[in-house]
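# Observations on the three-dimensional arrangement
Each chain, letter by letter, is given below.
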Amino acid sequence: MALVSRKRYAVLLCADDSEYVKKKYGGYFGVFVRMLGEEGQEWDGFRVAANEFPTDEEIDDYDGFVITGSCSDAHGNDLWVCRLLSLVKQLDAKKKRVLGVCFGHQILGRAIGGRVGRSHSGWDIGVRTINLSASSSMLFPSLKIPSSLPIIECHQDEAKLPPKAEIIAWSDKTGIEMFRYGDHIMGIQGHPEYNEDILRHLIDRLLQKKCITEKYPSEFRSKVLESREPDKETWRKICVGFLEGRL
């Protein structure tokens, strides 16, 4: 009887864990694996923001990669950001499946020839309803995806993509909320992995570091009262289905 090989995935961690997230959720690696992990899989983490990258040999061992959010700029030229861009181009050439979230979404956009910069509309923090394109039903035929989905957002930058990328979702705040490039790269500007507790903690950290002003926490509280809860199960199915090649 032939042995079925385990699928292996790597999370490319682009931010340091806060003590709170580390203690309560096992760090952002734990947050992502809790959302995306399936029985029989192996998951590893690489702290790319600390210049810990997979070797060329290790890359071939993985079926897919996830690029996380970050407090750094995807349009910056820090050494690790440039190394990450080179790695994404390498993964693209190998047709490895890559899912990018927030900063990861922007890095993917930049790596395939797009541009990333500050959004003219400023920060987007809170729950945002995004609109999915008509073609999304063909991209996700096995899922019954509604025409709009709420998702948690926390970003001040946005990506502009080359024509070869397909925009599959947008919002009244951000022109590119999701995109596909071929069948192996997908970016999501929002945070399908976040819950309200993580977002509240992140807002407090941004406030302490003076990255945002007091108006954002106030706006967030009022938004939470008015908005729909993110459909985390649908987001999980989209992300898992993409990584496993089922979509």
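Let us look at the structure shown here. (Residues numbered from 1 in each chain as written. Predicted model: local features only at pLDDT ≥ 70, side-chain atom pairs only at ≥ 80, totals over all residues. Heavy atoms only, no water.)

## Concerning the overall build of the chain
When helices and strands are tallied, the chain shows 9 helices and 11 strands. Expected size for 247 residues packed as a compact globule is a radius of gyration near 18 Å; at 17 Å, the chain falls within 12% of this value. For the C-alpha atoms alone, the extent of the chain along its principal axes is close to 60 × 40 × 35 Å. When each of the 247 residues of the chain is scored for burial, the buried share is 55%. Here the contacts in the chain between residues at least 6 apart in sequence split such that 75% fall between residues at least 24 apart. Accessible surface, the chain: about 11,700 Å² in total, of which carbon and sulfur atoms supply 49%. Across the chain, 35 positive and 36 negative side-chain charges occur, with their mean positions spaced 2 Å apart. (Helix = DSSP H or I, 4+ residues; strand = E, 2+ residues; numbered from the N terminus. Rg over C-alpha atoms; globule rule 2.2 N^0.38 Å. Buried < 20%, exposed > 50% of the residue type's maximum accessible area, 1.4 Å probe, protein only. Contact = heavy atoms within 4.5 Å. Areas by Shrake-Rupley, 256 points an atom, 1.4 Å probe, with all protein chains shown as cover. Lys, Arg positive; Asp, Glu negative; His and termini not counted. Charge placed at Lys NZ, Arg CZ, Asp CG, Glu CD.)

## Thoughts on the packing of helix α4 (residues 79-93) against helix α5 (residues 103-111)
At a minimum axis separation of 9 Å, α4 and α5 run at an interaxial angle of 65 degrees. As far as their axial angle goes, α5 and α4 are roughly perpendicular. Viewed along their axes, α4 and α5 form a crossing whose handedness is right-handed. Residues W80, V81, L84, L85, V88 and K89 of α4 touch α5, and the partners they reach there are F103, I107, L108, R110 and A111. Per-class residue counts for the contact of α4 with α5 are 9 nonpolar, no polar and 2 charged. (Axes fitted to C-alpha atoms, helices over the stretch in contact; angles between N-to-C directions. Parallel < 35°, antiparallel > 145°, perpendicular 65-115°, else oblique. Left-handed = near helix turned anticlockwise from the far one by under 90°. Nonpolar A, V, L, I, M, F, W, Y, C, P; charged D, E, K, R; others polar.)

## Here's the deal with the packing of aromatic side chains
Here the distance between the centres and the angle between the planes together describe a pair of aromatic rings. Per the counting criterion, the structure on display carries 4 aromatic pairs. Their ring planes at 85 degrees and their centres at 6.0 Å tell us that F46 and Y62 sit as a pair that is edge-to-face. Of this pair, F46 sits in strand β2 (residues 42-46) while Y62 sits in the loop between α3 (56-61) and β3 (64-67), placing them 16 residues apart in sequence. Exposure remark for F46: the relative accessible area of 7% places this residue in the buried category. (Phe/Tyr/Trp six-rings, centres within 6.5 Å; stacked < 30°, edge-to-face > 60°.)

## Examining the environment of S119
By the element assignment, S119 lies in the loop between β5 (115-118) and β6 (124-132). Taking the C-alpha atoms as reference, S119 lies 28 Å from G27; in sequence the two are 92 residues apart. Sequence-distant contacts of S119, defined by excluding residues within four places in its chain, comprise Q156, D157 and E158. Among the polar contacts made by the side chain of S119, one reaches the side chain of S121 at a distance of 2.9 Å. (Polar contact = N/O pair within 3.5 Å; in protein donor to acceptor, adjacent residues only side chain to side chain.)

## Details of the sheet that holds strand β7 (residues 148-155)
Read from one edge of the open sheet, 9 strands run β2-β1-β3-β4-β11-β10-β9-β6-β7, paired in mixed fashion. At either end of the open sheet lies a strand with only one pairing partner, and these are β2 and β7. Adjacent strand axes in the sheet meet at a mean angle of 25 degrees, parallel and antiparallel pairs treated alike. Strand direction decides the pairing type here: strand β10 (residues 178-181) and strand β11 (residues 185-188), joined by 4 bridges, are antiparallel. The residue bridging Y181 from the neighbouring strand is I185, located in β11. Where α4 meets the sheet, it contacts β1 (8-12), β3, β4 (97-101), β10 and β11, and its direction lies at approximately 150 degrees from that of β3. Strands in contact with helix α9 (residues 232-243) are β1, β2, β3, β4, β6, β7, β10 and β11; relative to β4, the strand with the most contacts, it is inclined by about 150 degrees. (Pairing = 2+ DSSP bridges.)

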